[in-house]
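# Fold and geometry: a report
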Amino acid sequence: MDYKNAGVDIEAGYKSVELMKQHIAKTMRPEVLGGIGGFSGAFSMKAFQNMEEPTLVSGTDGCGTKVKLAMVMDKHDTIGIDAVAMCVNDIACAGGEPLFFLDYIACGKNYPEKIAEIVSGVAEGCVQAGAALIGGETAEHPGLMQEDEYDLAGFAVGIIDKKDLITGEAVTPGDVLVGIASSGVHSNGFSLVRKVFEMTKESLDTYYEELGTTLGEALLAPTKIYVKALKAVKEAGVRIHGCSHITGGGFYENVPRMLKEGTRAVIEKNSYEVPPIFKLLAEKGNIEEKMMYNTYNMGLGMVLAVSPEDVDRTMEAVRSAGETPYVVGRVEAGEKGVDLC
């Protein structure tokens, strides 16, 4: 008896690392010290020593049950973008610059080519975020997971000068809410998605005219990474008063998180076009509107609160980063919370 007979193939692990190195290389930043394969990743902070009070911000998350779609479709090169996005968008919400990322892949059996494909998506997400992929772990769990199953999660660290932290304390009645378009469902609410739609290759390969693509492609579309858009807003000289990443819990849970006591967000639902995937999901699942807004991003992945005089500069900066902004509402005085009208 040996480890391989017990279900863990160490040689496959070595091969996975070799295959993923080419993808990791394109994420490198000058601050990264050492190479891939050590027991830890090292990152120099010398470049940030001129900040008044350099402050680390961090985020950790996974892709939830969206990985099930990747398995059914046997398409694994974008799910890593989701893992990165869920972490770095939270860092960007605080005004931070993502510095580095580490991934964790648990699998029933290590198929090196599949693992490398997953990591290629992680690397692409890191490139989009400007973060270095400085380490990770691939763990085989025979007997705990099926051979063709895996889960993916990650952890990111960023930096910001403390005086520039977006905490919501600057939010003021009269502020304007600017939403930035999502790419679709992103990485939340897939347990409900999987109840509404049959998770078979045939079902996911079905073409829908209103989607302009297959169901699977629409659902698997990777989460938008908003790091460059928020950086562009900052570089345009705009002070973001509050910022919300619309993830699990939709508008009702996430928008209030960017507010201070005594302020209330009012979002106009007709201020932007809700993507067809959400309309199809609501129709097929007979899901009431409030539940949709309480579960999904409904087409807005980020919501920012800015001063009225900064709206035009904010919109222009977001567009310059390749994203689509909308004026979606306002901040009023009132009990902390959100109204959708």
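A quick note: this is a predicted structure, and the numbers were derived from the prediction, not measured. (Residues numbered from 1 in each chain as written. Predicted model: local features only at pLDDT ≥ 70, side-chain atom pairs only at ≥ 80, totals over all residues. Heavy atoms only, no water.)

Its location among the elements puts Thr295 in the loop between α11 (289-293) and β12 (300-306). Overall, the relative accessible area of 15% leaves Thr295 in the buried class. (Helix = DSSP H or I, 4+ residues; strand = E, 2+ residues; numbered from the N terminus. Buried < 20%, exposed > 50% of the residue type's maximum accessible area, 1.4 Å probe, protein only.)

Here we take up the nonpolar core. Generally speaking, nonpolar side chains in soluble globular proteins are found buried as a group. The biggest cluster of nonpolar side chains holds 95 residues, and the ones touching the most others in it are Phe101, Tyr150, Leu177, Leu215, Leu219, Phe251 and Met298. Once residues within four sequence positions are removed from consideration, Tyr150 is found in contact with Val67, Ala70, Met71, His76, Ile79, Ile105, Ala106, Cys107, Lys114, Ile118 and Met145. Counting residues in hydrophobic clusters, the runner-up holds nine residues, among them Phe43, Phe48, Val157 and Ile159. (Core = buried A, V, L, I, M, F, W, Y, C linked by side-chain atoms within 4.5 Å. Contact = heavy atoms within 4.5 Å.)

To continue, consider the sheet that holds strand β6 (residues 150-161). The pairing of strands in a sheet happens through backbone hydrogen bonds and is either parallel or antiparallel. The four strands lie next to each other as β3-β6-β4-β5, forming an open sheet whose pairing is mixed. One side of each edge strand has no neighbouring strand; the edge strands of this open sheet are β3 (54-62) and β5 (132-140). The average angle at which neighbouring strand axes cross in this sheet is 15°, direction not considered. In this structure, β3 lies alongside β6, joined through nine bridges in antiparallel fashion. Residue Pro54 lies in a different strand from β6, and its bridge partner there is Asp161. (Pairing = 2+ DSSP bridges. Axes fitted to C-alpha atoms, helices over the stretch in contact; angles between N-to-C directions.)

What follows deals with the sheet that holds strand β13 (residues 325-333). With mixed pairing, six strands are arranged side by side in an open sheet as β10-β12-β7-β13-β11-β14. Since the sheet does not close on itself, it has two edges, and those belong to β10 (242-245) and β14 (337-340), each with one partner. Geometrically, the sheet is characterised by an average inter-axis angle of 25° between neighbouring strands, direction not taken into account. Inspection of the sheet shows strand β11 (residues 263-267) paired to β13 by five bridges, in the antiparallel sense.

The topology assignment puts Glu140 in strand β5. As a buried residue without a salt bridge, Glu140 has its nearest oppositely charged side chain in Lys109, at a separation of 5.2 Å. (Lys, Arg positive; Asp, Glu negative; His and termini not counted. Salt bridge = Lys/Arg side-chain N within 4 Å of Asp/Glu carboxyl O.)

The phi dihedral of His186 falls on the positive side, at around 60°, and the residue is not glycine. Looking at the element boundaries, His186 is found in the loop between β7 (176-181) and α5 (190-196). Of the residues examined, His186 reaches a relative accessible area of 2% and is grouped as buried. Backbone geometry at Met298 places phi at a positive 55°, although glycine is not the residue there.

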